[in-house]
Amino acid sequence: MLTVDDLIRSVLGEGAVVLAGADYLATDVSWAAALRSRAPAFEGLKGGELAIVSVATLRQLDDRLSLARLIDQIAGLGVAAVAVIGEVESEALRTAERLHLPLIQLPPTVSARDLEGRVTRAIVERRAELQRRGQDLYHQLLELVVAGRGTEAVVARLAEITDRPTLLQDPALNLVTLRLPPGSSLTQARLVSLLNDQRAEDAARLQALTANAADPPTLRLPLGSDGLVRIVAPVGGPSAREGYLSLVAPASELTAVDRVAVSRAAAACAIDLARERAARSDSDVRLTELLDELLAGSYPSEPALVGRAQRLGLDLSTPQVAIAFRAVDAEDLPAVRALERTLRREFGRRTLPPAIRTEPLGAVVLVPATLGLEAVRALIAQVAEGLSGLGGHLAAAIARPASGPARLREAIEIARRAVGYAVRHSGPDAVVNVAELGADELLLSLGPAPLLQAFREEWLGPLAAYDARNHTQLVETLAAYFAARSSPTEAAARLHLHRNTLLYRLQRIREITGRDPDEPAARLAFHLALRIDAVLGPGRC
């Protein structure tokens, strides 16, 4: 489509002067219609036209009909703008401004019939160009879908092509995927805040939007009070609405190309999500239910569970690797939904049985040990890349291979603890292999047991309580002292303290606990209690 502003710059020429409705020049123009000297004055107005009015022709048609009255009548029929050849009285200006209708004055030498033809040709050529560009883009995006790259790749490609923030929401308008182009001044936090502020209003307008999955319509919605708008296209038809795809930009910058791009990308997303939905069979659901029973220990017997799993394509009698994923710094529900979709897609590409169970902050999965550690790490990297559009991070932990329901349940629990350990020690993008953690693996395997809690409380509890009451750092001092191989000088340097202060703190530790950190048995026990804190988290054992 061409807007009123596009036509002023490309067809109407330098002699065109906007007299009213300057704030509405972004209105689309669907066709051109010139005023006739005999009834009907305009032939078949359907809305969206540029009405071309010659004042001389208006007088021939009806010398009692004023320009202001004519504008009032055709505005009710939905014209996009009025271009006038001749003098424009002040009443016509006021009417156009009141109706939010662009009113453009043209030089008296302009021919209405000639201008009608030129505008019509420009619109037809523009439509053909947009159709070609839309088809080219659609084919590009369809290649991503056919390759199994998923909706995340479609959203990323749309953002790259348009150089605008692009996002996918689920039917409830929760954020699923977001891509911000390099250098964008709009942050994820700001965009999410704007979307949440308008959720109720947007939901009502989008609910009424009729949709065709193959050729989605677009809707222009305001976004905040800073002149931002978004072009939204529904993904899927009205009976199978999968979500909404949006492109965000200042109102003055959005073009017809943006609208076509969003529509074509929404059509590609609809195909991908329909394929994904069809691929998730009843056996996938039963496999998820089986994992629920495995983790709850609610199965009648191990042979019965192994038999059920084999019928679903999962061999629990052979070694499996448990992987725990945790989404960090992302919106919980959208992140988990995106994680599940990405996992199912990656499992499908590798023809693996989808042993996937989502959890409040992530997911746990089982993969055959025959896949190999390198392939497991590659799988984790692909999943993390698929979630990058949400702006958060993905941590993962790989357990040792195990077989049989009881051992696999233990392996999953260890992987769950290890992913928390990974985030605390190595950051939100960490990937750890439990087999490479040395003695910490033993503590992870023991888990949050009462014995560990009692042991930690006995050795560190008095120091932790003293620190809490007096705002001191005796536990931290003890850890630094052991990390410095019991060197007061090095420990003081680590803590940026005077050596005498460090020695004073060590003496307070002896007095409070009644134990000497330099005595070998006590040193081992203190060190073990500190590792329990480090591995399982303070107070979580």
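The rules behind the values
- Residues numbered from 1 in each chain as written.
- Predicted model: local features only at pLDDT ≥ 70, side-chain atom pairs only at ≥ 80, totals over all residues.
- Heavy atoms only, no water.
- Phe/Tyr/Trp six-rings, centres within 6.5 Å; stacked < 30°, edge-to-face > 60°.
- Helix = DSSP H or I, 4+ residues; strand = E, 2+ residues; numbered from the N terminus.
- Buried < 20%, exposed > 50% of the residue type's maximum accessible area, 1.4 Å probe, protein only.
- Pairing = 2+ DSSP bridges.
- Axes fitted to C-alpha atoms, helices over the stretch in contact; angles between N-to-C directions.
- Arc of directions from axis to C-beta.
- Contact = heavy atoms within 4.5 Å.
- Core = buried A, V, L, I, M, F, W, Y, C linked by side-chain atoms within 4.5 Å.
- Salt bridge = Lys/Arg side-chain N within 4 Å of Asp/Glu carboxyl O.

### Remarks on the packing of aromatic side chains
Next up, step 1: Overall, the coordinates contain three aromatic pairs when judged by the stated rule.
Next up, step 2: When the centroid spacing of 6.4 Å and the interplanar angle of 35° are considered together, the rings of F455 and W459 count as tilted. A residue pair is termed a helical-turn pair when its members lie 3 or 4 positions apart in one helix, as F455 and W459 do in helix α16 (residues 450–470) at four residues.
Next up, step 3: Accessibility expressed as a relative area gives 23% for F455, which makes it partly exposed.
Next up, step 4: Its relative accessible area of 11% is what places W459 among the buried residues.

### Observations regarding the sheet that holds strand β5 (residues 49–54)
Next up, step 1: Across the sheet, five strands lie side by side as β2-β7-β6-β5-β4; this open sheet has mixed pairing. Of all the strands in the sheet, the pair left with one neighbour each is β2 (17–20) and β4 (31–34). If you compare each strand with its neighbour and ignore which way they point, the axes differ by 25° on average.
Next up, step 2: Across four bridges, β4 lies against β5 in parallel orientation. Looking at β5, one finds that W31 is bridged to E49.

### Regarding helix α4 (residues 90–98)
Next up, step 1: Within the span of α4, buried status applies to A92, T95 and A96. The arc that holds the buried residues of α4, viewed along the axis, is 95°, so those residues lie on one side.
Next up, step 2: Residues of α4 that are buried make contact with β2, α3 (67–75) and β7 (103–106).
Next up, step 3: Where α4 ends, the next residue or the one after it, H100, has phi of about 55°, a positive value.

### Remarks on the sheet that holds strand β15 (residues 362–368)
Consider a sheet: its strands pair through backbone hydrogen bonds, and that pairing is either parallel or antiparallel.
Next up, step 1: Ordered in space as β14-β15-β13-β16-β17, the five strands form an open sheet in which the pairing is mixed. The two strands at the open ends of the sheet, each matched to only one other strand, are β14 (356–359) and β17 (431–433). Strand-to-strand twist in this sheet, taken as the mean axis angle between neighbours without regard to direction, amounts to 15°.
Next up, step 2: As judged from the four bridges shared by β14 and β15, these two strands associate in the antiparallel manner. Directly across from T358, in β15, lies its bridge partner A363.
Next up, step 3: Lying over the sheet, helix α14 (residues 405–426) contacts β13 (320–328), β14, β15, β16 (393–398) and β17, oriented at roughly 35° with respect to β13.

### Remarks on the nonpolar core
Next up, step 1: L294, L314, L316, L366, I412 and L444 are the most contacted members of the largest nonpolar core, which has 40 residues in total.
Next up, step 2: Elements with a contribution of two residues or more to this core: α10 (282–296), α11 (302–311), β13, β15, β16, α14, α15 (440–446) and α20 (520–536).
Next up, step 3: For this core, the element with the most residues is α14, which contributes nine residues.
Next up, step 4: Look past the residues within four positions of L444 in its chain and what remains in contact with it is I414, R417, A418, Y421, L437, V535 and L536.

### As for the pattern of salt bridges
Next up, step 1: Evaluation of the coordinates by the stated rule reveals 37 salt bridges.
Next up, step 2: In this structure, the salt-bridge partner of R133 is E129, at a minimum N-O distance of 3.5 Å. Pair noted here: R133 and E129 are both in helix α5 (residues 112–146), with a separation of four residues, about one helical turn.
Next up, step 3: Across the pair E346 and R350 runs a salt bridge, and its minimum N-O distance is 2.6 Å.
Next up, step 4: R350 gets classed as partly exposed once you look at its relative accessible area, which sits at 26%.
Next up, step 5: Here the salt bridges share partners, and the residues they tie into one network are D292, R357, E359, E413 and R416.

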